[in-house]
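Report on the structure
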Amino acid sequence: MKFFIDTAEIDQIRELADTGMVDGVTTNPSLIAKSGRNFIEVIAEIAEIVPGPVSAEVTATDADAMIAEGRELAKIGDNIAVKVPLTWAGLKTCRVLSDEGRMVNVTLCFSANQALLAAKAGASFISPFIGRLDDIGLDGMELIADIREIYDNYDFETEILAASIRTVNHVQQCAQVGADVITAPPAIIKSLVKHPLTDKGLDAFLADWAKTGQTILKG
Ligand code: G3P
């Protein structure tokens, strides 16, 4: 399973990239606005830090303008994945840009039929939003499982990029149902390593080791 970080905060990306666990980054217009940075500049900086796919979202709503914006964003680097919303204009843009050999991430996916359309449009990634479905009392994880079943039925190469991840349980469940990628806020990624019994056990090991008076490294 690939781990993408869902943020445009450079310091957070650098910190996690140092762990070797970062396979890519996703951004969206809201995350860019939150960063307070120039869009093109911050995406270029992220694409330098993380060699994996970096999603940058178009903001036009008609296909011709989306295609032009997507081509402009793709100039930033070969690891840019152009992000388009799941609309007919977005799907047309996905078809054009994927035929030009560009990575496309189709986002704001909330149904299996939408994901089927994205795969048929040649999407590199589909981004179903788990948390936002849960927010309205639906089962976001069920959508991931439904998409996995459909994609496997037809050997679609589109990768399921589970998004709107709100808990560490979402990460485990995505791994269990077979999502290819999760994209999560830095805090969720950092929390994956935490367990109180690990901390307690390590403290006990170190306390007992200290009693031996030994060191592993001489001098
Ligand atoms: O990548 C999509 C993600 O940023 C949306 O997450 O928590 O705003 O639903 P959220």
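No experiment lies behind these values; they were computed from the predicted model shown. (Residues numbered from 1 in each chain as written. Predicted model: local features only at pLDDT ≥ 70, side-chain atom pairs only at ≥ 80, totals over all residues. Heavy atoms only, no water.)

Some words on the overall build of the protein chain
Stated formally: The secondary structure listing takes helices from DSSP runs of H or I that are at least 4 residues long and strands from runs of E that are at least 2 residues long, numbered from the N terminus. Burial status follows relative accessibility: with a 1.4 Å probe on protein chains alone, a residue under 20% of its type maximum counts as buried, one over 50% as exposed, and anything between as partly exposed. Throughout, a residue-residue contact means that at least one pair of heavy atoms, one from each residue, lies within 4.5 Å. For the area figures, the Shrake-Rupley method with a 1.4 Å probe applies, and any residue is considered shielded solely by the protein chains shown. Neither His nor the chain termini are counted; the positive set is Lys and Arg, and the negative set is Asp and Glu. All charge positions are set by atom: Lys at NZ, Arg at CZ, Asp at CG, Glu at CD.
When you go through the protein chain residue by residue, the secondary structure sums to eleven helices and eight strands. Counting only C-alpha atoms and orienting by the principal axes, one finds that the protein chain spans roughly 70 × 35 × 30 Å. Taking all 219 residues of the protein chain together, 45% fall into the buried category. For the protein chain, contacts bridging at least 24 residues in sequence account for 57% of all contacts bridging at least 6. For the protein chain, the accessible area works out to roughly 11500 Å², and carbon and sulfur atoms hold 54% of it. The distance from the centre of the 19 positive side-chain charges to the centre of the 31 negative ones in the protein chain is 4 Å.

Here we look at the environment of Pro53
In this fold, Pro53 is placed in the loop between α3 (39–49) and β3 (54–57). When the C-alpha positions of Pro53 and Asp152 are compared, they lie 23 Å apart, and in sequence the two are 99 residues distant. Discounting chain neighbours no more than four positions away, the residues touching Pro53 are Phe4, Asp23, Gly24, Val25, Asn79, Met103 and Phe125.

Brief notes about the packing of helix α4 (residues 63–74) against helix α5 (residues 88–99)
Condition: Only the stretch in contact is used when fitting a helix axis, every axis being a line fitted to C-alpha atoms; angles between N-to-C directions are given from 0 to 180 degrees. For classification, angles of less than 35 degrees are called roughly parallel, those exceeding 145 degrees roughly antiparallel, those between 65 and 115 degrees roughly perpendicular, and all remaining angles oblique. Helix crossings are classified by the rotation of the near helix relative to the far one: an anticlockwise turn of less than a right angle makes the crossing left-handed, while a clockwise turn makes it right-handed.
Across the interface, α4 lies against α5 with an axial gap of 9 Å and an inter-helix angle of 45°. Taken together, the axes of α4 and α5 lie oblique to each other. The interaxial crossing formed by α4 with α5 has right-handed handedness. Residues Ala63, Met66, Ile67, Gly70 and Arg71 of α4 touch α5, and the partners they reach there are Ala89, Gly90, Lys92, Thr93, Val96 and Leu97.

Focus: the nonpolar core
What counts here: To define a nonpolar core, start from buried Ala, Val, Leu, Ile, Met, Phe, Trp, Tyr and Cys residues and group those joined through side-chain atoms within 4.5 Å.
In this structure, Val106, Ile126, Ile165 and Ile182 are the most contacted members of the largest nonpolar core, which totals 59 residues. Look past the residues within four positions of Ile165 in its chain and what remains in contact with it is Ile130, His170, Val171, Cys174, Ile182, Thr183, Ala184, Pro185 and Ile188.

Some thoughts on the site of the ligand
Convention followed: What makes a residue near a molecule or strand is one non-hydrogen atom of that residue sitting within 4 Å of it. Any pair of N or O atoms that falls within 3.5 Å is considered a polar contact. Within protein, one atom must be able to donate a hydrogen and the other to accept it, and sequence-neighbouring residues count only if both atoms are side-chain atoms. Three classes are used, and their members are as follows: Ala, Val, Leu, Ile, Met, Phe, Trp, Tyr, Cys and Pro are nonpolar, Asp, Glu, Lys and Arg are charged, and the others, Gly among them, are polar.
Every residue close to the ligand is listed here: Asp6, Asn28, Lys83, Phe129, Arg132, Ala163, Ser164 and Arg166. Measuring from an oxygen atom of the ligand, one finds a side-chain N or O atom of Ser164 at 2.7 Å. Residue Arg166 places a side-chain N or O atom 2.8 Å away from an oxygen atom belonging to the ligand. With the chains in place, 81% of the 310 Å² that the ligand exposes on its own is no longer accessible. Partitioning the shell around the ligand into residue classes produces two nonpolar, two polar and four charged.

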